[in-house]
Structures are given as C-alpha cells and as structure tokens.
Amino acid sequence: MTSQPVQESTVVGIVGAGPAGLMLSHLLSRSGIDSIAVDTRTRDEIEHTHRAGILEQDSVRLLTDTGVDGRVLTQGSEHEGIELRFAGEGHRIDFKHLVGASVWLYPQTDVFIDLANARERDGGDVRFGVRDTKVLEVRDQPVISFVDSEGIAREVRCDYLVGADGSHSICRHEIPESLSTQYFKEYPFAWFGIMTEAPMSAPELIYARHERGFALISQRTEQLQRMYFQCDPATDPGTWSDEMIWNELQTRVSGGGFSLKEGPITEKVVLPFRSFVAEPMRYGRLFLAGDAAHTVPPTGAKGLNLALQDVKVLAEVLDAAVNLGRTELLETYGTRALERVWKAQQFSYRLTTLLHTLPGETPFDAKRQLGELSSIVTSTHGSAHLAECYTGWPTAQL
Ligand code: PHB
C-alpha cells in the first residue's frame, strides 16, 4: 500500500530553485514571508551547468544590497565597455563614458552558489533533487506535489504559486491555452560554445561579425575562457576537433594583428537559440518568472538579468498583497515585468541580426549590416543607445 503524501503548507510555493526561484525566496524572507522552493535538479547539477556571465548593474545591486553576497564585487570583474569587431577592425563601445554605467562579468553558476548559500545561511526552505513534481488547482488553491530526495511523497498547499521552472516549465502549461498568447521567433542558427584553459585574449568581451558568421570572446578567470561561434543548429559538437574550432574562431576575429590565445578545450556544446514570450505572466494565484515566461537569445546576455528583475517586481507585489492586503497590486506584476522583457527582446534580436549571417544572405544584406555597424560605432547617439540597452534599463515603478 502506498502511504498518503505528507501535507505541508506555506505562503508562496516556488517551482524551480535556480537563480530566479532562490532570489524570490530570499527577497520574500526579507519581508517575513515564508516560502518553499522545489527543484528536480540536485544542487550539484545546477552548480555545474554553464550559462551566460554578464550582470547588469541593477542585478549586481540586487545581490549586494539585499545581503546575498558581496562576492560578485571581489571575484567578478567590472567591464566598462565591449568591443564590436567587423571588417577586420575592433571598435570599443565605452559604457562608462557614454552612459555612466558598467556591467559585471560574474557567471550565473556563481550567482546560483551565492543564492543557495544565502538561503542555507538564513534557514530558507529549499528542496533540491525532488521528482514527479506536479502542480494542481493553480488558479484558486495551489498545491505542489512531489517526491522528495528521500523518496517521501509530499503535498505543499500554498497561497501563491510561482513557476520559476525554466524554459521547459510545467507551470506555464497550467494556463489555459485560450488565455495565453505565446510569441516565438526561431533563428536558423545556434551557438557553438567552448570552455578553454587559455589566458585571456582581451580585457573585455569581443562581439565579432565576419562573413563566416558571428563570434563572441568572453572570459571566466585568468586561466579559463568562454568563447562562442555561430553554427548550424544540427552541428554535432563531437565532430569538431580543437584545431577546427581554433581555426574558425581565429578567422572570425582576425584583423589588425589581433589573434586569440589558444589552449586545451575542456567543453564543447551547441546552444539552442530562440526568442519566446508567454503572456500574461499571471493566472489567478499562479505567477511565472524568468525563463518559464520568456527566453531571449544569448547575444544580449539578458536572460539572467530579466529573471532577477521579474522576481524583484514579484517580491514587491507579493509583499504588498501578503503584508498590507493590497492584492490589487498583484495585477501590476506582468505589465511591469513585460515592459523590460520586450525591451530586452528587441535588444537581443537587434544585436543578433546585426552580427550573425543568415543562410541565403545576399551581398546587399551583408553590406547593409556593415552599414548599420558603422553607423553605430561612428555615432555617439548610436553607441550610447547600444550602451544603454547592454547595461540595462531601470525597473518600472509601481
Ligand atoms: C558568457 O560569458 O557566457 C556570455 C557573455 C555575453 C553574452 C553571452 C554569453 O552575450
């Protein structure tokens, strides 16, 4: 006979304990609101998933000002600009000079580690490595049912349910199709990503446009670098030797005597590429946050920043609803979050189409693209707009 699930209750049930779920749980606890976060992945699995590495200054502030950890300031590195490379030449976009802002290179895995440590330090209730997660009655009386890492079946009743469960979200599917609009943009390419044990090739990130396609030179530490190049989505990373990869990357960033410092390649992955938004982000007592509601192509490095911004807004309205009874403010969550989401969609799309080559592209398309790049780097207004979008927009106020 199977035993009955153990019954529990909390104010906010959170499906997904990645950066969005953990940050929400952290912010809620600062407002005295209990939550339980569950994730099918183990803590170790999440810590070993490589994701993008750029934090907008508002994201850095959210980590430091709310007492998550100041490690980002000592172990991350502040970047005051990027380089755009095209037609064999590099052009610096100076964020500090143009818009008085900067970004921080601090990988998502480190953000996750800091948040998981902070939740542990503050006695947060986070259950990693659960299985068979289901959500029930999401609109009116939400319940999360799951089997915990020790094999015990549990049911958590909650006043509010948050789906912070990534792009394959189970929570998103609870919103009836007739009430949800899904906006998609597919791109006919992907990114080939590598991790290499090599010294840094440049002090800042390089976004390069070449006839053979896009390349991005990023970093992790003095001895470990992250690089990407545009590829066919059907590419099998195992068929690419280190030599082929270095040739491709060197060609795409070549010009002006610049070359990459090479080293052994320790990881090869092909990353999917698409833009997606599901609206609305709320259905009764269910709220979606982060990748569960929207994904952006990695070009603008906005994914994590959007997720953190979503939960900042969500924590504010949940605080008002739970502590002040102002439930009408829950209505404002989606509108406020989506304003920034669509700006980020536009920026990621623009940076993507500005730097990638399209299959079947004509010489006209290539020349037009170079014309657009040139009009950005030769104009203070053009560069400042790029700098403003890259470093991030202010949060929409209540
Ligand atoms: C990364 O370092 O992984 C990275 C940085 C910037 C991007 C995308 C990825 O736009």
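K.L.:
Looking at this model, I keep getting lost on the overall build of the protein. Mind explaining?
P.N.:
For the protein, the count of helices and strands is 11 helices and 21 strands. Seen through its C-alpha atoms, the protein measures out along the principal axes to roughly 70 × 45 × 45 Å. Taking all contacts inside the protein whose residues are at least 6 apart in sequence as the whole, residues at least 24 apart take part in 72%. Seen as two clouds, the 38 positive and the 54 negative side-chain charges of the protein have centres 3 Å apart.

K.L.:
Looking at this model, I keep getting lost on the sheet that holds strand β16 (residues 225–231). Mind explaining?
P.N.:
As summarised here, the arrangement of the 7 strands in space is β6-β5-β14-β15-β16-β13-β17, forming an open sheet in which the pairing is mixed. At either end of the open sheet lies a strand with only one pairing partner, and these are β6 (89–94) and β17 (265–271). Pairwise comparison of adjacent strand axes, ignoring direction, gives a mean angle of 20° for this sheet. The pairing of strand β13 (residues 190–196) with β16 spans 7 bridges and is classified as antiparallel.

K.L.:
Can you help me understand the site of the ligand in this one?
P.N.:
The full set close to the ligand counts 14 residues, and Tyr207, Ser218, Arg220, Tyr228 and Pro298 are the nearest of them. The backbone of Pro298 places a nitrogen or oxygen atom 2.9 Å from an oxygen atom of the ligand. Thr299 places a polar main-chain atom, nitrogen or oxygen, 2.9 Å from an oxygen atom of the ligand. Starting from 280 Å² of accessible surface for the ligand in isolation, the protein chains cover 99%. Looking at the shell around the ligand, the elements with two or more residues in it are β15 (215–219) and β16. Taken together, the residues of the shell around the ligand break down into 9 nonpolar, 3 polar and 2 charged.

K.L.:
How do you make sense of the pattern of salt bridges when you look at a structure like this?
P.N.:
In a structure, side chains of opposite charge can pair up when their charged atoms sit close to one another. Following the criterion strictly, the structure yields 32 salt bridges and no others. Between Lys302 and Glu56 there is a salt bridge, with the nearest N and O atoms lying 2.7 Å from each other. Pair noted here: Lys302 is in the loop between β21 (294–295) and α8 (303–324) and Glu56 is in strand β3 (residues 54–56), with a separation of 246 residues, a long-range link. Each of the two residues, Lys302 as well as Glu56, counts as buried. Of the charged contacts in the structure, one is a salt bridge between Glu328 and Arg326, with a shortest N-O distance of 3.0 Å. Judged by its relative accessible area of 39%, Arg326 falls in the partly exposed class. Within this structure, Glu8, Asp125, Arg127, Asp148 and Arg154 form a network of salt bridges that share partners.

K.L.:
Just checking my understanding: could you explain the packing of helix α1 (residues 19–30) against helix α6 (residues 108–121) for this structure?
P.N.:
Relative placement of two packed helices is described by the angle separating their axes and the distance separating the axes. The interhelical angle for the contact between α1 and α6, taken along N-to-C directions, is 35°, at an axis separation of 9 Å. For the element pair α1 and α6, the recorded crossing hand is left-handed. The residues of α6 that touch α1, namely those facing Pro19, Leu22, Met23, Ser25, His26 and Ser29, are Gln108, Val111, Phe112, Leu115, Ala116, Arg119 and Arg121. Classifying every residue of the contact of α1 with α6 gives 7 nonpolar, 4 polar and 2 charged.

K.L.:
Sorry if this is basic, but what is going on with the environment of Met23 here?
P.N.:
Relative to the helices and strands, Met23 resides in helix α1. As a C-alpha pair, Met23 and Arg119 span 96 residues in sequence and 8.8 Å in three-dimensional space. In this structure, Met23 is in contact with Leu62, Leu63, Val68, Leu115, Leu308 and Val311, ignoring residues within four places of it in sequence.

K.L.:
What am I meant to see in the environment of Leu286 here?
P.N.:
With respect to the secondary-structure elements, Leu286 resides in strand β20 (residues 286–288). Among the residues examined, Leu286 registers a relative accessible area of 0% and is labelled buried. Spatially, the C-alpha atom of Leu286 lies 8.6 Å from that of Ile175, the residues being 111 residues apart in sequence. Leu286 has contacts with Val138, Leu161, Gly163, Cys171, Glu174, Ile175 and Met281, leaving out every residue within four places of it along the chain.

K.L.:
Would you mind going over the packing of aromatic side chains with me for this structure?
P.N.:
For any pair of aromatic rings, geometry is given as the distance between the ring centres together with the angle between the planes. For the coordinates displayed, the defined rule picks out 19 aromatic pairs. Relative to Phe273, the ring of Phe189 has its centre 5.2 Å away and its plane inclined at 70°; by these criteria the two rings are edge-to-face. Pair noted here: Phe189 is in the loop between β12 (181–186) and β13 and Phe273 is in the loop between β17 and β18 (274–279), with a separation of 84 residues, a long-range link. Neither residue differs from the other here; Phe189 and Phe273 are each classed as buried. Here the aromatic cluster, defined as three or more aromatic residues joined through ring pairs, consists of Phe95, Tyr187, Phe189, Trp191, Tyr207, Phe214, Tyr228, Phe273, Phe347, Tyr349 and Tyr390.

K.L.:
So what exactly am I meant to see when it comes to the packing of α8 against helix α9 (residues 332–355) here?
P.N.:
Where α8 meets α9, the axes come as close as 9 Å, and the angle between the chain directions of the two elements is 165°. When the interaxial angle is binned, α8 and α9 end up roughly antiparallel. Considering how the two elements wind past one another, α8 and α9 form a crossing that is right-handed. Facing α8, whose interface residues are Leu306, Gln309, Asp310, Val313, Leu314, Glu316 and Val317, α9 presents Thr332, Tyr333, Arg336, Ala337, Arg340, Val341 and Ala344.

K.L.:
Looking at this structure, how should I read the sheet that holds β21?
P.N.:
The strands that make up a sheet pair up through hydrogen bonds in the backbone, lying either parallel or antiparallel. Read from one edge to the other, the open sheet built from 3 strands follows the order β12-β18-β21, with strand pairing classed as antiparallel. Here the strands that pair on one side only, and so sit at the sheet edges, are β12 and β21. One ladder, built from 2 bridges, connects β18 with β21; its direction is antiparallel. Note that in β21 the partner of Val277 across the bridge is His294. Together, β12, β18 and β21 form the strand contacts of α9, whose direction differs from that of β18 by roughly 165°.

Conventions used here
- Residues numbered from 1 in each chain as written.
- Predicted model: local features only at pLDDT ≥ 70, side-chain atom pairs only at ≥ 80, totals over all residues.
- Heavy atoms only, no water.
- Helix = DSSP H or I, 4+ residues; strand = E, 2+ residues; numbered from the N terminus.
- Contact = heavy atoms within 4.5 Å.
- Lys, Arg positive; Asp, Glu negative; His and termini not counted.
- Charge placed at Lys NZ, Arg CZ, Asp CG, Glu CD.
- Pairing = 2+ DSSP bridges.
- Axes fitted to C-alpha atoms, helices over the stretch in contact; angles between N-to-C directions.
- Near = heavy atom within 4 Å.
- Polar contact = N/O pair within 3.5 Å; in protein donor to acceptor, adjacent residues only side chain to side chain.
- Areas by Shrake-Rupley, 256 points an atom, 1.4 Å probe, with all protein chains shown as cover.
- Nonpolar A, V, L, I, M, F, W, Y, C, P; charged D, E, K, R; others polar.
- Salt bridge = Lys/Arg side-chain N within 4 Å of Asp/Glu carboxyl O.
- Buried < 20%, exposed > 50% of the residue type's maximum accessible area, 1.4 Å probe, protein only.
- Left-handed = near helix turned anticlockwise from the far one by under 90°.
- Phe/Tyr/Trp six-rings, centres within 6.5 Å; stacked < 30°, edge-to-face > 60°.
- Parallel < 35°, antiparallel > 145°, perpendicular 65-115°, else oblique.

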